[in-house]
Amino acid sequence: MPLRFGSSLVLLCLACCLNCRPAMAQTFYNTYVSAAEKAAREGRTADAEKMYQKALALADTGSDPIAANNAPAQMFDYALFLHRIGKDKEAEVMIRRLLKQERKFNSPESINELLGTILFGQKRYKEAQALLTLPAGDKTRNSSWLSTDSRELMLAMCADAQGNAAEKKAHIVKVIEAVKKSRGKYYKSGPDADASLQVIVAWLEDQVRIEEPTILRYVTQTNQKKFGETAPQTIASLCEEAKKKSRQGFSKDALASLNQALTAKNLPAESKLLLLETKYDLLFTYNRETASEPKLPLLKETTTLSEKVRGLSDEKTDQWRYKLLDAYKEANALPEGEKYMLSLIAYLEKTEGPDSKNAADKMTTLCYWIYKGDPQKALPVMDRAIKIFEKNRKPMPSFLVSNMLTSQAENYRAVKNYAASDALYKRAIKIYETMKFEQPLMQILPKYAEMLKESGRGAESEAAANRSRDIYNKFKDGCGFVAFGAGGQITEW
């Protein structure tokens, strides 16, 4: 008896649903894994754990062959995630569950190394040592999880924790040999075999060789016992841990540990400064997500503390000051930025004298950052700075004075004081003529030509433009950029 159309449609829909079940499950599995990885990157560790667990639970049900097939690799990744957020007991449970699986996507070497590292994180040094010293099987590409130098360094730390100095030294020698072999010409002297673990770790970290945060955590704990919770050595290693966590996607965890350290009583100024600098980097340099804290208050605190610890005119302090001035601009708080710079200049003039080069340097910074769009305010400040720099001209690079003269010439041009602008341009040009160094004139002469044309001196403007063009033709094979001409005739190359 033939089926009616309605019955056929029902059967067809039922067949489609049955066929779609694995595809739907696979979609859920991929969704869980993607969500876990995204949450981990954003530092939402609790959400990441839930998503990892849902992905594994889906594999356990057997309803999705793709999920079940990927379960061993997923267990390894989940164990690694738990280890990186400091949950080594849970990570151990997961990796031991993986060891019971018949199929393993990861090599035995990788699994043993991860388990050894997890045990190391729990301070079970003897057990960790036993796993990390297991003989390697047939090594294939990417079969080992830890780099040779990191594994040997962990073994050195296991020996150190158990008081075996000779074994510790033997492993450190292997670390150095491994680094020499892998770094080749980049290896110069490095630490010797008798150097402390702190020096070894710092040196390897500087060479971008350490990827395992447990090593850095061990150094932090060792420093805490040896020097105290708030000592600069402890804070330095804590900051290295935080940076490593952030690079591995755990920004919020890293920030939490830094914020907790910042609440410590009697925190030395140097240690607090290092914590604040690291916090800024995590929030506004390393972190791909939108920063959860305002930038300006953090920069104010960091810059003020840098001035106190390093000095008002220290190069590192200046770097923070430039960031602070940028933040004032972003926040439309230029009057506050102006007040800050004027008070700094006044203090330097009071303590170092009216001809303070440091004060003059801050004057130019004030003009370039705060007064850039206000030539009327910039004029008297830049005039003072130029006088100080010219008075101390010999130890200063001549091009610095020339650049200041050119900038001031543009300020006078903006307020239509063409006579003053002309005099400053001529002084700037004379510096390079005296030095017999023509190339920089290709940047000055076009601006000078524009000023001359604007002030109605067409013939002189054309002469300046032609001179710029002649210098360009003379040096064009070595030039990456030049502008010549006057007014609308300026050409950029």
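Before any of the text, the structure's been laid out above.
The present account deals with the structure reproduced in this document.

Quick notes on the rules
Residues numbered from 1 in each chain as written. Predicted model: local features only at pLDDT ≥ 70, side-chain atom pairs only at ≥ 80, totals over all residues. Heavy atoms only, no water. 1 Å grid on protein atoms, 1.4 Å probe; cavity = no way out; pocket = protein on both sides within 12 Å on 5 of 7 lines; lining within 4 Å. Points joined across faces, edges and corners; volume = space filled by probe spheres on them. Helix = DSSP H or I, 4+ residues; strand = E, 2+ residues; numbered from the N terminus. Expected span 1.5 Å × (residues − 1). Buried < 20%, exposed > 50% of the residue type's maximum accessible area, 1.4 Å probe, protein only. Axes fitted to C-alpha atoms, helices over the stretch in contact; angles between N-to-C directions. Parallel < 35°, antiparallel > 145°, perpendicular 65-115°, else oblique. Left-handed = near helix turned anticlockwise from the far one by under 90°. Contact = heavy atoms within 4.5 Å. Phe/Tyr/Trp six-rings, centres within 6.5 Å; stacked < 30°, edge-to-face > 60°. Lys NZ or Arg CZ within 6 Å of the ring centre and 35° of its normal.

Re empty space enclosed by the protein
Right, on to step 1. Per the stated rule, a full pass over the model turns up 1 cavity of 30 Å³ or more.
Right, on to step 2. Empty space within the largest cavity amounts to approximately 50 Å³.
Right, on to step 3. As for the largest cavity, its lining consists of Phe120, Gly121, Lys123, Tyr125, Thr214, Arg217, Tyr218 and Gln221.
Right, on to step 4. At the level of elements, α5 (108-121) and α10 (213-227) are the ones that each hand at least two residues to the lining of the largest cavity.

Some remarks on α10
Right, on to step 1. Here α10 contains 15 residues, and its C-alpha end-to-end distance of 21 Å stays within 8% of the 21 Å for a straight helix at 1.5 Å per residue.
Right, on to step 2. What α10 keeps buried is the set Pro213, Thr214, Ile215, Leu216, Arg217, Tyr218, Val219, Thr220 and Asn223.

Here we look at the packing of helix α11 (residues 232-247) against helix α12 (residues 251-262)
Right, on to step 1. Across the interface, α11 lies against α12 with an axial gap of 7 Å and an inter-helix angle of 160°. One way to sum up the angle between α11 and α12 is to call them roughly antiparallel. Note that α11 runs across α12; the crossing there is left-handed. Between α11 and α12, the residues in contact are Leu238, Cys239, Ala242, Lys245 and Ser246 and Ser251, Asp253, Ala254, Ser257, Leu258 and Ala261, respectively.

A look at the packing of aromatic side chains
Right, on to step 1. Evaluated as defined, the whole model comprises 12 aromatic pairs.
Right, on to step 2. Ring geometry for Phe28 and Tyr32: centres 6.3 Å apart, planes at 20°, overall stacked. Separated by 4 residues within a single helix, Phe28 and Tyr32 lie in helix α1 (residues 5-41), roughly one turn from each other.
Right, on to step 3. Chaining the aromatic ring pairs together yields one cluster made of Tyr52, Tyr78 and Phe81.
Right, on to step 4. When the ring centre of Phe284 is taken as origin, the NZ or CZ atom of Lys295, which lies over that ring, is 5.3 Å away.

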